[in-house]
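Letter by letter, the chains look like this.
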Amino acid sequence: MEPITLCGVVILVFGLWVELEPTIVKLAKAISSSNIMTALTSSSPVQKPLYVKYMAEDISH
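Definitions and limits used
- Residues numbered from 1 in each chain as written.
- Predicted model: local features only at pLDDT ≥ 70, side-chain atom pairs only at ≥ 80, totals over all residues.
- Heavy atoms only, no water.
- Helix = DSSP H or I, 4+ residues; strand = E, 2+ residues; numbered from the N terminus.
- Areas by Shrake-Rupley, 256 points an atom, 1.4 Å probe, with all protein chains shown as cover.
- Patch = residues over 30% accessible without salt bridge, like charges linked within 9 Å, V, L, I, M, F, W, Y side chains within 5 Å.
- Salt bridge = Lys/Arg side-chain N within 4 Å of Asp/Glu carboxyl O.
- Buried < 20%, exposed > 50% of the residue type's maximum accessible area, 1.4 Å probe, protein only.

Helix and strand content of the protein: three helices and zero strands. Tracing the protein from N to C terminus, the helices and strands come up as α-α-α. Per element, the accessible surface of the protein, about 5900 Å² overall, is 71% carbon and sulfur.

Our focus in this paragraph is a nonpolar patch on the surface. A surface patch of nonpolar side chains, about 700 Å² in accessible area, is lined by Leu12, Phe14, Leu16, Trp17, Val18, Leu20 and Ile24. Among the residues examined, Ile24 registers a relative accessible area of 40% and is labelled partly exposed.

What follows is the structure, given as structure tokens:
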């Protein structure tokens, strides 16, 4: 690619990002706060690390 074309592409991508950033942020917030996403992220139980299980067995014996 020629340097002038590459510079033009960089300027174009940066300009599009500046123009579309608020829309992308709103969309990401809407998706992350949706009921489906909150259900998916909160449904997984908290697991204890493996070493805690073995330490509890050692203490009880």
